[in-house]
Amino acid sequence: MRPQAGLGRRQLLLSAASTLGATALAAGAARAAESAPPGSVHYDVPEDPTKEQGRPLLADGGYGTRSQFETEVRSKANNPTDLTSWTFTPLAAQIGNLTPSGLHFERHHGGIPTIDPARHELVVHGMVGTAKKFSVADLKRMPSVTRKHFIECSGNTLTEWAKPTAKNVQVTHGLLSTSEWTGVLFSTLAREVGLKEAALWVLAEGADAAVMTRSVPLEKLLSDGMIAYGQNGEALRPEQGYPLRLLLPGYEGNTHIKWLRRLQVSDRPFMTREETSKYTDLMPDGRAKLFTLQMGAKSVITFPSADMMLPKPGLYEIKGIAWSGRGRVQSVEVSTDAGKTWRPANIENVAEPMCTVRFNCPWAWDGQAATLQSRCVDETGYVQPTREELVRLRGLNSVYHYNAIQSWAVAADGGVSNVHA
Ligand SMILES: Nc1nc2c(c(=O)[nH]1)N[C@H]1C(S)=C(S)[C@@H](COP(=O)(O)O)O[C@H]1N2
Ligand SMILES: [Mo]
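Residues numbered from 1 in each chain as written. Chains lettered and ligands numbered in written order. Predicted model: local features only at pLDDT ≥ 70, side-chain atom pairs only at ≥ 80, totals over all residues. Heavy atoms only, no water.

Q: Can you explain helix α8 (residues 387-394)? Please cite residues and give values.
A: Every buried residue of α8 is accounted for by R387, L390 and R394. One side of α8 holds all its buried residues, which, seen down the axis, span an arc of 65°. Residues of α8 that are exposed and angled more than 90 degrees away from the buried face: R392 and L393. Contact partners of the buried residues in α8: β14 (281-282). Just beyond α8, the residue with positive phi is G395, at close to 70°. (Buried < 20%, exposed > 50% of the residue type's maximum accessible area, 1.4 Å probe, protein only. Helix = DSSP H or I, 4+ residues; strand = E, 2+ residues; numbered from the N terminus. Arc of directions from axis to C-beta. Contact = heavy atoms within 4.5 Å.)

Below is the structure:
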């Protein structure tokens, strides 16, 4: 049972072993595992794991890490600075419907702030009966809800408007992640402060260096807006807004203000930078649409997908993800002939509002060139558009809210690539 946590630590432990014996080595391994960054401790693999003791439990119980054989990570966008950049979730490697918190995509406009939850407060003021400050502890004492929702950056898939660009599904669609979120509904806070009759909009503000601000319709906040402090059974990750973030199911990622510190109720939107200069949709006639907040229905095949290689003709299970910001996913269809014919896919999990589903569909690949597509229909009857349909409506000036059907070409040699069908 010899740990290999990088050469330095390994040598250290091995030399310790020769002087201190096997028990001390085991203790050393446990200490190394405790202090090493997650995933960096490697153990030798025994010939037969039933013929020797496994490694001992960590002295303090510890915080678990995944197997040393599971090495999938987020990929980082190439930006001039890592302070305002993003990372992509490895969607093709995801098992099940929830994104592990450590693989949740990230988008930061001013780096990741370090916030002491004991000192953090959320101020609710403006057109309210009584303005109030809530500590994180105050919020945790209030009635909570736990709900699964995706967050999708409205910039997801933005490289694909004019020509197929990104090399794999992690980069075409990886600004999408799903978590189980826990927090207090905005409607609960609204009862605490009381809303003035004329109130219509709420400004949400973050405590990061970007001081990110967005105006949110009060109606949306009252229907399902949440101040989240929990993610997948534990506190939010710092990258996801620790200790508090706004969660607006189905709305574009940018409005889910992280490190939330202020909610100002008003009778009008605040026209902040993020909703005037950025996060607007430039239409073909040169005018821009403001407040296009809801994400459309969308889906993508994650297996097989670009940059993969199918070893040989035969039976494959096409797998993918579908979601809609407008409600539940109703159905998903799959095509292997560039959209000429469609077959219904199996949905793997119970569809929940503004949450992803996993789908699958068996496919007997005959070794001929094929073009794979998936199409999502949500409970409002909205059908995910083809790229031609989307471009006809939106033109090619747009950046955000690209939700067209994605095509992957499978060549006769089994190579899979990103194409426009
Ligand atoms: N305070 C603050 N909130 C923020 C951002 C930010 O930079 N600062 N980025 C926004 C954007 S553009 C997106 S897509 C989501 C990303 O959330 P995530 O990093 O948890 O995936 O957070 C939003 N909330
Ligand atoms: Mo975003």
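Q: So what's going on with the packing of aromatic side chains? Which residues, and what values?
A: The full count for this structure, using the stated rule, is 6 aromatic pairs. Where W201 meets F291, the ring centres are 4.9 Å apart and the plane angle is 50°; that geometry is what we call tilted. On the criterion of sequence distance, the pair formed by W201 in strand β8 (residues 201-206) and F291 in the loop between β15 (288-289) and β16 (298-303) is long-range, its members being 90 residues apart. For W201, a relative accessible area of 16% corresponds to the buried category. Joined through ring pairs, the aromatic side chains of F303, Y316, W363 and W365 make up one cluster. The lysine or arginine in question, R55, covers the ring of Y43, its NZ or CZ lying 3.9 Å from the ring centre. Over the face of the ring belonging to W342 we find R375, whose NZ or CZ atom lies 4.1 Å from the ring centre. (Phe/Tyr/Trp six-rings, centres within 6.5 Å; stacked < 30°, edge-to-face > 60°. Lys NZ or Arg CZ within 6 Å of the ring centre and 35° of its normal.)

Q: Go over the pairing of strand β5 (residues 132-135) with me, naming the residues and quoting the values.
A: For a regular strand, side-chain orientation follows a simple rule: the groups alternate between the two sheet faces. Pairing between strand β4 (residues 121-126) and β5: 4 bridges, direction antiparallel. Within the sheet, the bridge partner assigned to V124 lies in β5 and is K132. In this antiparallel pair of consecutive strands, β4 and β5, the connection spans 5 residues. (Pairing = 2+ DSSP bridges.)

These figures come from the coordinates and say nothing about function on their own.
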